[in-house]
Amino acid sequence: MVVSGQPKVGKTLAINGVWGNMGVAFGPLLAGLLSDQFGWRATFLLPGIVILATGVVYAIAGRATVIDKTSTDGSGGADWALFRRLAILIGLITLLGGIVFHVTTVGLPKLFAERSGAESALTQIGWMSAAVYAIAAFAQIPVGLSLDRYSIKPVMLVVLAVQVPLLFALAMAGPTVTVWIALVAMLFVFGEIPIQDAMVARYVADQWRSRVYALKYVISLGASAIAVPMMSGLLDATGSMTAVIYAIAAAAAVALLLAFALPSESRTR
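Residues numbered from 1 in each chain as written. Predicted model: local features only at pLDDT ≥ 70, side-chain atom pairs only at ≥ 80, totals over all residues. Heavy atoms only, no water.

1. Observations regarding the nonpolar core
Moving on, step 1. Grouped together as the largest cluster of nonpolar side chains are 68 residues, with contacts concentrated most on Leu-108, Met-156, Met-186, Phe-190, Ile-195 and Leu-262.
Moving on, step 2. Sorting elements by how many residues they give to this core places helix α3 (residues 80-116) first, with 13 residues.
Moving on, step 3. Discounting chain neighbours no more than four positions away, the residues touching Leu-108 are Val-103, Ser-129, Val-132, Tyr-133, Ala-182 and Met-186. (Core = buried A, V, L, I, M, F, W, Y, C linked by side-chain atoms within 4.5 Å. Buried < 20%, exposed > 50% of the residue type's maximum accessible area, 1.4 Å probe, protein only. Helix = DSSP H or I, 4+ residues; strand = E, 2+ residues; numbered from the N terminus. Contact = heavy atoms within 4.5 Å.)

2. Thoughts on a nonpolar patch on the surface
Moving on, step 1. Taken together, Phe-38, Leu-45, Leu-46 and Ile-49 make up a surface patch of nonpolar side chains, about 440 Å² in accessible area.
Moving on, step 2. Take the nonpolar patch: its biggest share by element is three residues, from helix α2 (residues 42-61).
Moving on, step 3. Within the secondary structure, Phe-38 is located in helix α1 (residues 10-38).
Moving on, step 4. The exposure class assigned to Phe-38 is exposed, which follows from its relative accessible area of 60%. (Patch = residues over 30% accessible without salt bridge, like charges linked within 9 Å, V, L, I, M, F, W, Y side chains within 5 Å. Areas by Shrake-Rupley, 256 points an atom, 1.4 Å probe, with all protein chains shown as cover. Salt bridge = Lys/Arg side-chain N within 4 Å of Asp/Glu carboxyl O.)

3. Examining the packing of α3 against helix α8 (residues 193-203)
Moving on, step 1. The interhelical angle for the contact between α3 and α8, taken along N-to-C directions, is 160°, at an axis separation of 10 Å. As summarised for this structure, α3 and α8 are arranged roughly antiparallel, according to the angle between their axes. Judged by the sense of rotation from one axis to the other, the crossing of α3 with α8 is left-handed. When α3 is examined against α8, the residues Leu-86, Ile-90, Ile-93, Thr-94, Gly-97 and Phe-101 are found in contact with a partner set consisting of Ile-193, Gln-196, Met-199 and Tyr-203.
Moving on, step 2. Each residue belonging to the contact of α3 with α8 can be placed in one class, and the counts come to seven nonpolar, three polar and no charged. (Axes fitted to C-alpha atoms, helices over the stretch in contact; angles between N-to-C directions. Parallel < 35°, antiparallel > 145°, perpendicular 65-115°, else oblique. Left-handed = near helix turned anticlockwise from the far one by under 90°. Nonpolar A, V, L, I, M, F, W, Y, C, P; charged D, E, K, R; others polar.)

4. Quick word on the side chain of Thr-94
Moving on, step 1. Structurally, Thr-94 can be placed in helix α3.
Moving on, step 2. The buried category is assigned to Thr-94, whose relative accessible area is 1%.

5. Examining the packing of aromatic side chains
Moving on, step 1. Using the criterion set out here, one finds five aromatic pairs in the structure.
Moving on, step 2. Arranged with centres 6.1 Å apart and planes meeting at 50°, the rings of Phe-168 and Tyr-246 form a pair that is tilted. Linking Phe-168 in helix α6 (residues 152-172) with Tyr-246 in helix α10 (residues 242-260), this pair joins segments that are 78 residues apart in sequence.
Moving on, step 3. Of the aromatic side chains, those joined through ring pairs into one cluster are Phe-101, Tyr-133 and Phe-190. (Phe/Tyr/Trp six-rings, centres within 6.5 Å; stacked < 30°, edge-to-face > 60°.)

6. Overview of the environment of Thr-242
Moving on, step 1. For Thr-242, the position within the fold is in helix α10.
Moving on, step 2. With 71 residues separating them in the primary sequence, Thr-242 and Ala-171 have C-alpha atoms 5.1 Å apart.
Moving on, step 3. Once residues lying within four places of it in the same chain are set aside, the contact partners of Thr-242 are Glu-114, Arg-115 and Ala-171.

7. Looking at α1
Moving on, step 1. Taking 1.5 Å per residue as the helical rise, α1 with its 29 residues ought to reach 42 Å, and the 41 Å between its terminal C-alpha atoms agrees with that figure.
Moving on, step 2. Maximal helix bending in α1 amounts to about 45°, located at Phe-26; proline Pro-28 follows within four positions.
Moving on, step 3. For α1, every residue scored as buried is listed here: Gly-10, Leu-13, Ala-14, Gly-17, Val-18, Asn-21, Met-22, Ala-25, Leu-29 and Leu-34.
Moving on, step 4. Of the residues one or two after α1, Gly-39 is the one with positive phi, at around 100°. (Expected span 1.5 Å × (residues − 1). Bend = angle between axes of the 7 residues up to and from the residue.)

Listed below in structure tokens is the structure:
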């Protein structure tokens, strides 16, 4: 829906992604506030009411929206070997990126608490985490604009090439600089989000796009099923978030190597 009929999808996907990541940023704060004021059930009931009301408004407003389904799928002249290569690369990069994203969004508060020695100051840790997520979400805007001006592959290579050393630096950081390094690292973790969606929008023909997006989100969201147990296992084994951050830094490094194997857009067009 977001990319249909859009000649340039980078900025559109980036703006859409920023709103989604605001939910990541403020969800824990809202949940804590509602729980403290009205009890834990309110964290489900009140947002649920808002969601239902939003759905009604969207159903009414959406009647005026027309999605163009007239374009052909282009499968008659498709290079299936290239398509399989793309599918494998996008799938693996999405999986690794999903692990990095889920571990950082779930584990960053734990890292802050561990490094600061303030594990009981949950409100303070919550505000620090929310601030990092909220600021980092806006990194998607310049990345989206870059996607509209340049090919996807070099933009992805730059984002991952900067992300990898920052994650390794975060693993080694001392207490006084952890929050600041985490902020810069999260700029590039969140900045990767519109790149993955833009790959599907630009590489996949219109009639296949819904199916490929569906598979991509199964992989991306399914990464949380790997990320949380991995984080828990490493914490149990080492007693520290440092090993967890090293693990996702290694995952980002593998994603960078895979990104080098992506074909150029001139080949896939």
